[in-house]
Amino acid sequence: MVNLGLRRVEDGVAAKHPALQQYAACQSHAFMKGIGTFLAGSGAAFAVQKLVNKKLPYSLQWSLLLAGAAGSLASYVVTRAETQKCSDFWIYLETGKTPQELAMAGRVSQPAENLPSPEDREDAAALVRRNKYGDVVE
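My aim in this report is to walk through the structure given alongside it, one point at a time.

Criteria and thresholds
- Residues numbered from 1 in each chain as written.
- Predicted model: local features only at pLDDT ≥ 70, side-chain atom pairs only at ≥ 80, totals over all residues.
- Heavy atoms only, no water.
- Helix = DSSP H or I, 4+ residues; strand = E, 2+ residues; numbered from the N terminus.
- Expected span 1.5 Å × (residues − 1).
- Contact = heavy atoms within 4.5 Å.
- Disulfide = S-S within 2.5 Å.
- Buried < 20%, exposed > 50% of the residue type's maximum accessible area, 1.4 Å probe, protein only.
- Phe/Tyr/Trp six-rings, centres within 6.5 Å; stacked < 30°, edge-to-face > 60°.

A closer look at helix α3 (residues 60–95)
Argument step 1. The end-to-end C-alpha distance of α3 is 52 Å, a good match for the 52 Å that 36 residues give at a rise of 1.5 Å each.
Argument step 2. As for α3, its buried residues are in contact with α2 (20–52).
Argument step 3. Just past α3, the residue Gly96 takes up positive phi, approximately 85°.

Below is the structure:
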């Protein structure tokens, strides 16, 4: 078992995906950037509302609600963009090509020689237990 943050990953999975550590670090950075954006965006929106509050008075509850909504929206936009960068990075590390190069080549999925044969899929399906959501259960 290989530690990946707080989770443990099977050795076979870690060996199959050597870039898993870099991808996890990228995702962690993206989520932390999103949290920072939420805090900064909410604080900035609240400060702007306090300045505008002199000309357009409304209660503190509405200021907090609008600041939270603005921070959430900014956080979503930043986290989504950073997560997309991580996904592109993962594809590059796994295939050696950018997603744009793969799209230009017309083959976004894995090459046929890397796909498991029907016999391999049946053997793997027999060994892996899944819950009703499709997650692998140990």
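Regarding the side chain of Glu82
Argument step 1. With respect to the helices, strands and loops of the structure, Glu82 is situated in helix α3.
Argument step 2. When sequence neighbours within four positions are dropped, the list of residues in contact with Glu82 reads Ala30 and Lys33.

Digging into the state of the cysteines
Argument step 1. Using the criterion set out here, one finds one disulfide in the structure.
Argument step 2. Covalent S-S linkage joins Cys26 and Cys86, the inter-sulfur distance amounting to 2.0 Å. The chirality of the disulfide connecting Cys26 with Cys86 is left-handed, given an S-S dihedral of about -90°. Of this pair, Cys26 sits in helix α2 while Cys86 sits in helix α3, and the two are 60 residues apart along the sequence.
Argument step 3. Judged by its relative accessible area of 21%, Cys26 is partly exposed.

What about the packing of aromatic side chains?
Argument step 1. This model, assessed by the stated rule, comprises one aromatic pair.
Argument step 2. Judged by centre distance (4.9 Å) and plane angle (55°), the ring pair of Tyr23 and Trp90 falls under tilted. Of this pair, Tyr23 sits in helix α2 while Trp90 is found in helix α3, placing the two residues 67 residues apart along the sequence.
Argument step 3. Residue Trp90 is classed as buried on the basis of its relative accessible area, which comes to 19%.

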